[in-house]
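The lines below spell out each chain.
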Amino acid sequence: MNWDQIQGNWTQFKGKLREQYGELTDDEIEEAKGDREQLIGKIQAKYGKSKEEAKKEVDNFVDSI
């Protein structure tokens, strides 16, 4: 799945994000609204990861669905 598909199906994708990143609130997920960089930033801040770590996690997560 590529990022354009995720943006187009954000509502369905949000559920998968909640399963993977349970510490992110619904509001935080909604604020990202399909914006990859915002999502990476929120994961980085919430989980204390470097930007590269968060980016790699998001890319791996997207590749897995």
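Up top is the structure.
Figured I'd write up the structure that's included with this text.

1. What to know about the overall build of the chain
Looking only at helices and strands, the chain features five helices and zero strands. In the chain, the succession of helices and strands from N to C terminus is α-α-α-α-α. For a compact globule of 65 residues, the expected C-alpha radius of gyration is about 11 Å, and the chain comes in at 11 Å, within 12% of that figure. Seen along its three principal axes, the alpha-carbon backbone of the chain occupies a region of about 30 × 20 × 20 Å. Counting over 65 residues, the chain shows a buried share of 29%. Total accessible area on the chain is roughly 4,100 Å²; 40% of this is exposed by carbon and sulfur atoms.

2. Side note on the pattern of salt bridges
For the structure shown, the criterion picks out eight salt bridges. A network of salt bridges, in which partner residues are shared, links Arg36, Glu37, Lys51 and Asp59.

3. Structural notes on the nonpolar core
In this structure, Trp3, Trp10, Phe13, Leu17, Leu39, Ile43 and Val58 are the most contacted members of the largest nonpolar core, which totals 16 residues. When residues of this core are traced back to their parent elements, those giving at least two are α1 (3-8), α2 (10-20), α3 (26-32), α4 (36-47) and α5 (51-64). The residues touching Leu17, leaving out its near neighbours within four places in the chain, are Trp10, Ile29, Leu39 and Phe61.

4. Points about the packing of α4 against α5
Taken N-terminus to C-terminus, the directions of α4 and α5 make an angle of 120°; their axes are 9 Å apart at the nearest point. In terms of axis orientation, α4 runs oblique to α5. The chirality of how α4 crosses α5 is right-handed. Contacts between α4 and α5 involve Arg36, Glu37, Leu39, Ile40, Ile43 and Gln44 from the former and Lys51, Ala54, Lys55, Glu57, Val58 and Asp59 from the latter. Here the residues of the contact of α4 with α5 sort into five nonpolar, one polar and six charged.

5. Considering unusual backbone geometry
Of note in this structure, Lys33 is not a glycine but carries a positive phi near 40°. When you line up the elements, Lys33 lands in the loop between α3 and α4. Assessed through its relative accessible area of 58%, Lys33 is described here as exposed.

Thresholds, definitions, all that
- Residues numbered from 1 in each chain as written.
- Predicted model: local features only at pLDDT ≥ 70, side-chain atom pairs only at ≥ 80, totals over all residues.
- Heavy atoms only, no water.
- Helix = DSSP H or I, 4+ residues; strand = E, 2+ residues; numbered from the N terminus.
- Rg over C-alpha atoms; globule rule 2.2 N^0.38 Å.
- Buried < 20%, exposed > 50% of the residue type's maximum accessible area, 1.4 Å probe, protein only.
- Areas by Shrake-Rupley, 256 points an atom, 1.4 Å probe, with all protein chains shown as cover.
- Salt bridge = Lys/Arg side-chain N within 4 Å of Asp/Glu carboxyl O.
- Core = buried A, V, L, I, M, F, W, Y, C linked by side-chain atoms within 4.5 Å.
- Contact = heavy atoms within 4.5 Å.
- Axes fitted to C-alpha atoms, helices over the stretch in contact; angles between N-to-C directions.
- Parallel < 35°, antiparallel > 145°, perpendicular 65-115°, else oblique.
- Left-handed = near helix turned anticlockwise from the far one by under 90°.
- Nonpolar A, V, L, I, M, F, W, Y, C, P; charged D, E, K, R; others polar.

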